[in-house]
Amino acid sequence: MDKDLVRQCLNYHGPALLSLLKCEQHEHAGFKQLLGDLSKWPQYRKERNLENIEIQQFIARKADLLFSESWKSTLQENTESHEPAEGCYAVMPPLEQFMEVPSGQKRELFFRDLERGDVVIGRITSIRDFGFFVVLISMGSGILRDIETLEISALCPVRDVPSQSSHGDPLSYYQMGDLIKAAVKDIDRYHEKITLSLHKSSLPTHLSNVKMGVMSSEDMPEYYKQSASRFRNNDTYEKVLRQSLAFTNPSTVEFLLNSLGIVESNPPSLIRGLQRANFCDQDYAPSLRKKQSSSWALKCVKQGVDYFKWGRHVDAMNEYNKALEIDAKNVEALVARGALYATKGSLNKAIDDFEVALESCPTHKNARKYLCQTLVERGRQLEEEDKPMNAESYYSKALAIDDTFTEAEEALNKVRQCIQVILYFLFFHFKQMTNRSNIFALT
């Protein structure tokens, strides 16, 4: 796995993703090797409040493909600039410029996504003995945002300003109004404070060739130039896109593929079969169909439970039957239908459903609980029908399923006492009949 990609992803998603990766990729040799390096990495940020946990689950499940080093470009990456080669593909202003996004929300998104090591561009507004202050204008790396109007200030301390050979004081080289390209050294998201650095050591590996310090307006990022042009003309997204010469460049796809190191004859894919590797069981149609059927069946069960609560038992039974037509082994549907059978007095049918459910899921608490209760209830019916021997078998079965079920134990002891009385009576009656037969034989 590509160590840098894994680190960036963990830094964004936090500890929850690491836990999922350990579950999904515990047998992957590359991930096992990375686990040993985790303690040496800078601490990633705390948990984000992501609403969609499915994203993290997808990343963890496909991590061996997403972070595969075989996808990494073999070409020399141009890290001098965040910009693409001129005319290779359309460079657009940030999408938020075309939307009515409030300034407060723009500011919140900026501080949420800004990371240590990101390159920012700003203008010096104040020079003090301890450093100089900069108002940020644009991004030089990371997520490109529309920030010029937000008046976000950052401090570059004097200790983070390299000394110039011809100047004793490192700050004397800089003047008010200078455009500065710097790296983010530290972020206080709560108080919205940013500390910058002009030292190379503050840059991540993939941006190590970026030149920091004073820059000219001609060196501003292309996306910023497009933003300024769009702001003057108030053009729509489509118009800006079509005005870009690179939009109609027939070599755009080829350029992007080469930049990413992707070969068209053997394109990478997140479908494992196209990776020329074995399919996981979850990727086969039966497994996918089972998961889909289970989901549909549970919707029917939920509707059936609602009908049951409203007293519409016929409708509830129809929903349970529909669920079992979709997924014959659906445990929740079997338990719900069994409970409805028990409510209507069809105890044998209820027992059948509970037993099938328990076979499919031996740890299902409700299936076990309802089965034991229904077996005891059926045993009592048999006692009322003067069938104590049959009742004993039901009580014994309930106790075998749950040896802590006191109701079954009490009923079993009671019926056994009754059976003993009956047997004693039958034995005494048989003995009397035998004695009478002997007397008649003697006379």
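Going by the annotation in an unreviewed UniProt entry, the name recorded for the protein chain is S1 motif domain-containing protein, with Staurois parvus given as the source organism.

A.B. asks: Looking at this structure, how should I read the overall build of the protein chain?
C.D. replies: Across its full length, the protein chain carries 16 helices and six strands. Sorting the 443 residues of the protein chain into buried and exposed places 36% on the buried side. Counting only contacts in the protein chain whose residues sit at least 6 apart along the sequence, the fraction spanning at least 24 positions is 63%. Accessible surface computed for the protein chain: about 27,800 Å², of which carbon and sulfur atoms make up 52%.

A.B. asks: So what exactly am I meant to see when it comes to the packing of aromatic side chains here?
C.D. replies: Any two aromatic rings considered together are summarised by their centre-to-centre distance and by the angle between their planes. Within the structure shown, the criterion is met by seven aromatic pairs. Plain terms: the ring middles of F98 and Y237 are 5.1 Å apart, the flat faces sit at 75° to each other, and that makes the pair edge-to-face. Taken as a pair, F98 in the loop between α5 (63-66) and α6 (103-113) and Y237 in helix α8 (residues 237-243) lie far apart in primary sequence, 139 residues in all. With centroids separated by 5.9 Å and ring planes inclined at 50°, the aromatic side chains of F354 and Y370 adopt a geometry described as tilted. Taken together, the residues span a long stretch of sequence, with F354 in helix α13 (residues 347-360) and Y370 in helix α14 (residues 365-384) at a distance of 16 residues. Judged by relative accessible area, which is 1%, F354 ranks as buried. Residue Y370 is classed as partly exposed on the basis of its relative accessible area, which comes to 27%.

A.B. asks: So what exactly am I meant to see when it comes to unusual backbone geometry here?
C.D. replies: Of all residues except glycine, most have a negative phi; of all peptide bonds, most are trans. The phi dihedral of E151 falls on the positive side, at around 55°, and the residue is not glycine. Mapped onto the elements of the fold, E151 is located in the loop between β2 (131-139) and β3 (153-157). Taking the relative accessible area as the measure of exposure, E151 reaches 63% and is therefore exposed. Even without being a glycine, D386 presents a positive backbone phi close to 60°. Position of D386 relative to the elements: it lies in the loop between α14 and α15 (388-401).

A.B. asks: I keep staring at helix α7 (residues 222-233) and nothing clicks. Help me out?
C.D. replies: Spanning twelve residues, α7 covers 17 Å between terminal C-alpha atoms, matching the ideal 16 Å at 1.5 Å per step. Of the positions making up α7, those classed as buried are Y223, Y224, S227 and R230. Axial view of α7: buried residues confined to an arc of 125°, hence all on one face. Buried residues along α7 sit in contact with β2 and α8. The positive-phi residue at the C-terminal boundary of α7 is N234, with phi of around 55°.

What counts and how
Residues numbered from 1 in each chain as written. Predicted model: local features only at pLDDT ≥ 70, side-chain atom pairs only at ≥ 80, totals over all residues. Heavy atoms only, no water. Helix = DSSP H or I, 4+ residues; strand = E, 2+ residues; numbered from the N terminus. Buried < 20%, exposed > 50% of the residue type's maximum accessible area, 1.4 Å probe, protein only. Contact = heavy atoms within 4.5 Å. Areas by Shrake-Rupley, 256 points an atom, 1.4 Å probe, with all protein chains shown as cover. Phe/Tyr/Trp six-rings, centres within 6.5 Å; stacked < 30°, edge-to-face > 60°. Expected span 1.5 Å × (residues − 1). Arc of directions from axis to C-beta.

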